[in-house]
Amino acid sequence: MVCVVHGFLDICPINRVLHARRMFLGEMASLEAILKTQTARVPKPIKVVELPGDNTVLVMEHLEMKSLNRHSALLGTQLADLHLHNQQLRGKMKKEGSTVGKGQGQMEVQFVDQFGFHTVTCCGYLPQVNNWCSDWVSFFARQRIQPQMDLIERSSGDREARELWAQLQLKMPSFFCGVEIVPSLLHGDLWGGNVAEDDSGPIIFDPASFYGHSEYDLAIAAMFGGFSSFFYSAYHGKMPRAAGFEKRLKLYQLFHYMNHWNHFGSGYRGSSINIMRNLVKEVAA
């Protein structure tokens, strides 16, 4: 049994997933990383506590959260600030001649020059490998889509999915022609169920963070209702869409559909297959 405490006196829901400690440690590291940027508001993590009976608790700051409404535009601005934070550190580093780092354990946030994270995080209950990589396309293919495909292969041996991924993987670099990708600290699972607000502004929570392409954070939101036009206007006011944005968004949604397939079953197979078919066709066109 696993308990998640979003406040000191909250009644925690039960979650019977294995390896809960790893999941909560990844969430805590994600919250800490976002908190250090001082851009977007998150509940302050306190401690991962192991209790008798194989119970694990993540204790964090209690916030009186309600559904996101009045502060949608501010959330868009703050998410853009989060995504721009590492890029701004790069500019500061060049100006001051600072040393490049990967942000592993330093009190001060330093520029991160690669894609990945200093620990395993989980999207849902499935662990995400975050080994540092200098190339974003390789990181996304090998450490996001391939592990999902491996799980699908073991559970169902889906031949069509395997063949489509083999084609798409070879053609993926064409989606990124002319696009400079500076690693951004990501929330990693940013949909409507993981955002909220209180009287002082927006709040994001339940992250699965890593350093990646900023566009990745917009993918799952568009799958499940998305955010208001105020959010997108504010975000793209600071982070303009680059050429090929829509195709890459579909590519990033592929990860989330496959992740849902592995979490909840073949009801998400059709969406996963359709995205791969369409992307392969578009590349071939």
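Residues numbered from 1 in each chain as written. Predicted model: local features only at pLDDT ≥ 70, side-chain atom pairs only at ≥ 80, totals over all residues. Heavy atoms only, no water.

Our working rule: UniProt positions are given in the numbering used here, feature names are shortened, and annotations may be inferred rather than shown by experiment.
Under an unreviewed UniProt entry, the name given to the protein is protein-ribulosamine 3-kinase, and the source organism is Zosterops lateralis melanops. The Catalytic activity (unreviewed entry) field of the UniProt record for the protein holds the comment "N(6)-D-ribulosyl-L-lysyl-[protein] + ATP = N(6)-(3-O-phospho-D-ribulosyl)-L-lysyl-[protein] + ADP + H(+)".

### Some thoughts on the pattern of salt bridges
Where charged atoms from two side chains of opposite charge approach closely, those side chains can pair. For clarity, the cut-off: Whenever Lys or Arg places a side-chain nitrogen within 4 Å of a carboxyl oxygen from Asp or Glu, that contact is recorded as a salt bridge. Only runs of H or I of at least four residues qualify as helices and only runs of E of at least two qualify as strands under DSSP, and these elements are numbered from the N terminus. Partly exposed describes any residue whose relative accessible area lies between the buried limit of under 20% and the exposed limit of over 50%, with all areas from a 1.4 Å probe on protein chains only and scaled to the type maximum.
Tallying each qualifying case throughout the model produces 13 salt bridges. Asp-199 serves as the salt-bridge partner of Lys-66, at 3.1 Å between the closest nitrogen and oxygen. Of this pair, Lys-66 sits in the loop between strand 4 (55-60) and helix 2 (72-96) while Asp-199 sits in the loop between strand 8 (195-198) and strand 9 (201-204), and the two are 133 residues apart along the sequence. According to the relative accessible area criterion, Lys-66 is partly exposed, its value standing at 40%.

### Details of unusual backbone geometry
Notably, Gln-38 is not glycine yet its phi reads approximately 55°, a positive angle. For Gln-38, the position within the fold is in the loop between helix 1 (20-37) and strand 3 (45-51). Of note in the backbone geometry, Asp-206 takes a positive phi value of approximately 55° without being a glycine. Along the chain, Asp-206 turns up in the loop between strand 9 and strand 10 (210-212). For Asp-206, a relative accessible area of 32% gives the class partly exposed.

### Focus on the environment of Leu-75
Applicable threshold: By definition in these notes, contact holds between two residues if any of their heavy atoms fall within 4.5 Å.
Position of Leu-75 relative to the elements: it lies in helix 2. Leaving out residues up to four positions away in the same chain, Leu-75 has contacts with Leu-68, Val-195, Pro-202, Ile-204 and Phe-231.

### A word on helix 1
Stated precisely, the cut-off is as follows: Helix span, expected: 1.5 Å multiplied by one less than the number of residues in the helix.
The terminal C-alpha atoms of helix 1, which comprises 18 residues, lie 26 Å apart, in line with the 26 Å expected from a rise of 1.5 Å per residue. Considered for burial, the residues of helix 1 that qualify are Ala-20, Met-23, Phe-24, Gly-26, Glu-27, Met-28, Ala-29, Ser-30, Leu-31, Ala-33, Ile-34 and Thr-37. Immediately downstream of helix 1, the backbone of Gln-38 shows phi near 55°, a positive value.

### Concerning the pairing of strand 3
In plain terms, the rule: Pairing between two strands requires that DSSP report at least two bridges joining them.
The pairing of strand 3 with strand 4 spans six bridges and is antiparallel. Residue Leu-51 lies in a different strand from strand 4, and its bridge partner there is Asn-55. Connecting strand 3 to the next strand, strand 4, in antiparallel fashion are three residues, including Gly-53 with a positive phi near 80°.

### Describing helix 4 (residues 159-171)
Rule in force here: By definition, the arc is the one covered by directions from the helix axis to the C-beta atoms. The definition of a polar contact used here is a pair of N or O atoms within 3.5 Å, where within protein one atom must be able to donate a hydrogen and the other to accept one, and adjacent residues in sequence count solely through side-chain atom pairs.
Between its first and last C-alpha atoms helix 4 spans 19 Å; for 13 residues at 1.5 Å apiece the expected length is 18 Å, and the two agree. Residues of helix 4 that are buried include every one of Ala-161, Leu-164, Trp-165 and Leu-168, and no others. All buried residues of helix 4 lie within an arc of 105° about the axis, which places them on one face of the element. Looking at helix 4, the residues exposed on the side facing more than 90 degrees away from the buried face are Arg-159 and Leu-170. The N-capping residue of helix 4, defined by a side-chain oxygen 3.3 Å from the backbone nitrogen of Glu-160, is Asp-158.

### Comments concerning the packing of helix 3 (residues 136-156) against helix 4
We count it as follows: All axes are obtained by fitting lines to C-alpha atoms, using only the stretch in contact for helices, and the reported angles, taken between N-to-C directions, cover 0 to 180 degrees. These descriptions rest on fixed angle ranges, namely under 35 degrees for roughly parallel, over 145 for roughly antiparallel, 65 to 115 for roughly perpendicular, and the rest for oblique. The crossing is said to be left-handed when, going from far helix to near helix, the turn is anticlockwise and less than a right angle, and right-handed when the turn is clockwise. Ten residue types, Ala, Val, Leu, Ile, Met, Phe, Trp, Tyr, Cys and Pro, are classed as nonpolar, four, Asp, Glu, Lys and Arg, as charged, and the remainder, Gly among them, as polar.
The interhelical angle for the contact between helix 3 and helix 4, taken along N-to-C directions, is 165°, at an axis separation of 10 Å. The angle between helix 3 and helix 4 falls in the class roughly antiparallel. Classified by chirality, the crossing of helix 4 by helix 3 is left-handed. Each of Ala-141, Ile-145, Gln-146, Met-149 and Glu-153 in helix 3 lies in contact with helix 4, whose residues at this interface are Ala-161, Arg-162, Trp-165 and Gln-169. Class assignment for the residues of the contact of helix 3 with helix 4 results in five nonpolar, two polar and two charged.

### Remarks on the side chain of His-71
The residue His-71 is located in the loop between strand 4 and helix 2 in this model. Discounting residues that sit within four places of it in the chain, His-71 has contacts with Glu-197, Asp-198, Asp-199, Ser-200, Gly-201 and Pro-202.

### With respect to the packing of aromatic side chains
Put simply, the rule reads: Centres within 6.5 Å are what make two rings of Phe, Tyr or Trp a pair, Trp counting through its six-membered ring; a difference in plane orientation under 30 degrees is then read as stacked, over 60 as edge-to-face, and the rest as tilted.
Applying the stated rule across the entire model yields 18 aromatic pairs. Here Trp-132 and Tyr-211 contribute two aromatic rings whose centre-to-centre distance is 6.3 Å and whose plane-to-plane angle is 35°, an arrangement assigned as tilted. Separated by 79 residues along the polypeptide, Trp-132 in the loop between strand 6 (126-128) and helix 3 and Tyr-211 in strand 10 bring together distant segments of the chain. With relative accessibility at 22%, the residue Trp-132 sits in the partly exposed group. Accessibility expressed as a relative area gives 9% for Tyr-211, which makes it buried. Between Trp-136 and Phe-210, the aromatic rings sit 6.4 Å apart at their centres with planes inclined by 10°, giving stacked as the arrangement. In this pair, Trp-136 sits in helix 3 while Phe-210 sits in strand 10, placing the two residues 74 residues apart along the sequence.

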